[in-house]
Amino acid sequence: MKSKLFLITAFVALFSMKSFSQNDSLRNQIMNYEQSNHDFLDKGRRLLLENFIKSDMLKAKEIKDLLLKENGGNIYNTFYPIEYIYLLYWTEEYQELTDFIKQVDYTLPVSNSVRILAQTDNMFSTLLQQTLANKDILLVFIENSHVSDMDKEFLVLQLEDILRAGQSSGEMDFESEQTRHINELSDRFLEEYPNSPYDTIIRETIRFQFELSPWAFYWDVVGFGAVIPNGNLGEYFNAGASMEMAFDLRYKKLVSIFGFGFSGHSLKKDIYINNVVWPKESTSTLGMGYLNAGYLLLDTKKFSIYPFMGVGYSGFSASEETTKDVPELKKLKLNSWFSQAGIGFDYKFKIVEHYDYGMGDSSSRISVRYTYRMPNYDRSLETLNGLTQPMDGFTHSIMVSWGFGGRGKNREK
């Protein structure tokens, strides 16, 4: 009995020790394996950077190659793509550089180790600053290399592009002198080497040229101004303050404007209409809607000038205060179609400076429009004691409005 108990105890103890030993070994592997790789990459990147700063490019290349070998050749587990590109420029490995550029995908994530280490070793910022300060040296290296003339010109173009990208703070300035220079280099390359293996890369990631769309749209959210009756209309109505809203659609040089608004006027003297007296000094509202067509005489990034003409419909109505005293005026009909002509001036600007693919010449504007309107209200009026009550004439309208919109822009391929 005792011998059986001893054997059972010994078996359990042996099994437990073996299991504990296996678990302990696995725990050590889990704890040490990834950390070991991380530490190796950390020390390797720092040593590489130290030799780079010393201008020992041969040593820097050896370290780079060893780090890649330890990571199975996986660049994204060793460097950020832009770090690797900078390094290849300095180590003068142009064939490897052009091969990598042709297939690089900047959207692919790097490993956690690279992401963490890059925040502390400052490899990217160091490579960028050294490249900016010594760009002429790299240009000499490229010129003296044994690669083809096409590859040399592309490497120069790519170098300018990565320096631009490195200096941008999230948004690229498409109107900067540097971008214009890169666009000129791109155009020259595309013309000299049509259908090159770099054609798509240049058109999609390096050259940023835009052309304005033929279409433009503006919405004048609010406008304030004055409507000044003249002729016989001026005999009955005082000038009044006005408010308008307008929608402006443009195609190339053509302008179309749909607008509506109202203005307030007081009566200079009695008006006899529909057998009712509309008393002097009472208030009235002139409502209107119109459609204009015009032509852009001038259209720049900042300014537009355009004459226009159109048609519309307007009508006077008595105020609520007046209709309380004279209820019959609720049925007042003093309406008329009108023709009009005028000229507009726009000052275009951006509320917030930004660069994007969608908006071209502006994101907001202030417009000043003068309009000469010619209504005819004679048909709506009746005679009084055999005397006519003419109400023909015209109005001057001056409107200052604020709105937003602009002419879109399309990227050239």
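Residues numbered from 1 in each chain as written. Predicted model: local features only at pLDDT ≥ 70, side-chain atom pairs only at ≥ 80, totals over all residues. Heavy atoms only, no water.

Caption draft 1: Geometry of the overall build of the protein. What the protein contains, in helices and strands, is 12 helices and 11 strands. With 413 residues in all, the protein has 42% of them scored as buried. Within the protein, contacts between residues at least 6 apart in sequence are counted, and of these 72% link residues at least 24 apart. In the structure as shown, the protein presents an accessible area of about 22900 Å², 59% of it carried by carbon and sulfur atoms. (Helix = DSSP H or I, 4+ residues; strand = E, 2+ residues; numbered from the N terminus. Buried < 20%, exposed > 50% of the residue type's maximum accessible area, 1.4 Å probe, protein only. Contact = heavy atoms within 4.5 Å. Areas by Shrake-Rupley, 256 points an atom, 1.4 Å probe, with all protein chains shown as cover.)

Caption draft 2: How the structure looks around the confidence of the model for the protein. Averaged over all residues, the pLDDT of the protein equals 85, while 85% of them reach at least 70. Residue range residues 354-359 is modelled with pLDDT below 50. Its contacts to residues more than four positions away, or to other chains, number 19 contacts. (pLDDT = per-residue confidence, 0-100.)

Caption draft 3: View of the packing of helix H8 (residues 149-167) against helix H10 (residues 199-206). Orientation of H8 relative to H10, taken along the N-to-C sense of each, is 20°, at an axis distance of 12 Å. Taken as axis vectors, H8 and H10 run roughly parallel relative to one another. Here H8 and H10 pass one another in a crossing that is left-handed. Facing H8, whose interface residues are Phe154, Leu157, Gln158, Asp161 and Arg164, H10 presents Ile201, Ile202, Thr205 and Ile206. For the contact of H8 with H10, the per-class residue count stands at 5 nonpolar, 2 polar and 2 charged. (Axes fitted to C-alpha atoms, helices over the stretch in contact; angles between N-to-C directions. Parallel < 35°, antiparallel > 145°, perpendicular 65-115°, else oblique. Left-handed = near helix turned anticlockwise from the far one by under 90°. Nonpolar A, V, L, I, M, F, W, Y, C, P; charged D, E, K, R; others polar.)

Caption draft 4: The arrangement of the packing of helix H3 (residues 81-91) against helix H4 (residues 94-103) in detail. Viewed as axis vectors pointing N to C, H3 and H4 meet at an angle of 155°, and their least axial separation amounts to 9 Å. What the angle tells us is that H3 and H4 run roughly antiparallel. Relative to H4, the crossing made by H3 is left-handed. The residues of H4 that touch H3, namely those facing Pro81, Tyr84, Ile85, Leu88 and Tyr89, are Tyr94, Glu96, Leu97, Phe100 and Ile101. Here the contact of H3 with H4 is built from residues that sort into 9 nonpolar, no polar and 1 charged.

Caption draft 5: Highlighting the pattern of salt bridges. Here the structure, examined in full by the defined rule, presents 22 salt bridges. Across the salt bridge formed by Lys54 and Glu50, the nearest N and O atoms sit 3.2 Å from each other. For Glu50, a relative accessible area of 41% puts it in the partly exposed group. Here Lys61 and Asp65 are joined by a salt bridge, their closest N and O atoms 2.8 Å apart. You can see Lys61 and its partner Asp65 sitting in helix H2 (residues 57-70), 4 residues apart, about one turn around the helix. We classify Lys61 as partly exposed; its relative accessible area is 27%. We classify Asp65 as partly exposed; its relative accessible area is 30%. When salt bridges with common partners are traced through the structure, they connect Asp220, Asp248, Arg250, Asp346, Arg365 and Arg369 into a single cluster. (Salt bridge = Lys/Arg side-chain N within 4 Å of Asp/Glu carboxyl O.)

Caption draft 6: Region of the structure containing the side chain of Asp220. Relative to the elements of secondary structure, Asp220 occurs in strand E1 (residues 210-230). Residue Asp220 is classed as buried on the basis of its relative accessible area, which comes to 1%. One polar contact links Asp220 to Arg365, side chain to side chain, over a distance of 3.1 Å. Among the polar contacts made by the side chain of Asp220, one reaches the side chain of Ser401 at a distance of 2.9 Å. Sequence-distant contacts of Asp220, defined by excluding residues within four places in its chain, comprise Met245, Ala246, Arg365, Ser367, Arg369, Ser401, Trp402 and Gly403. (Polar contact = N/O pair within 3.5 Å; in protein donor to acceptor, adjacent residues only side chain to side chain.)

Caption draft 7: Structural view of the environment of Phe217. Mapped onto the fold, Phe217 is located in strand E1. A relative accessible area of 41% places Phe217 in the partly exposed class. Once the C-alpha coordinates of Phe217 and Leu249 are considered, the two residues, 32 residues apart in sequence, prove to be 4.7 Å apart. Discounting chain neighbours no more than four positions away, the residues touching Phe217 are Phe247, Asp248, Leu249, Phe404, Gly405 and Gly406.

Caption draft 8: Spotlight on the nonpolar core. Formed by 49 residues in total, the largest nonpolar core has its most connected members in Leu48, Phe79, Tyr89, Leu97, Phe154 and Ile202. In terms of residue count, the dominant contributor to this core is H3 (8 residues). Once residues within four sequence positions are removed from consideration, Phe79 is found in contact with Arg45, Leu48, Lys64, Leu67, Leu68, Tyr84, Leu87, Val110, Val114 and Met123. Grouped together as the second largest cluster of nonpolar side chains are 27 residues, Tyr236, Val255, Leu332 and Leu334 included. (Core = buried A, V, L, I, M, F, W, Y, C linked by side-chain atoms within 4.5 Å.)

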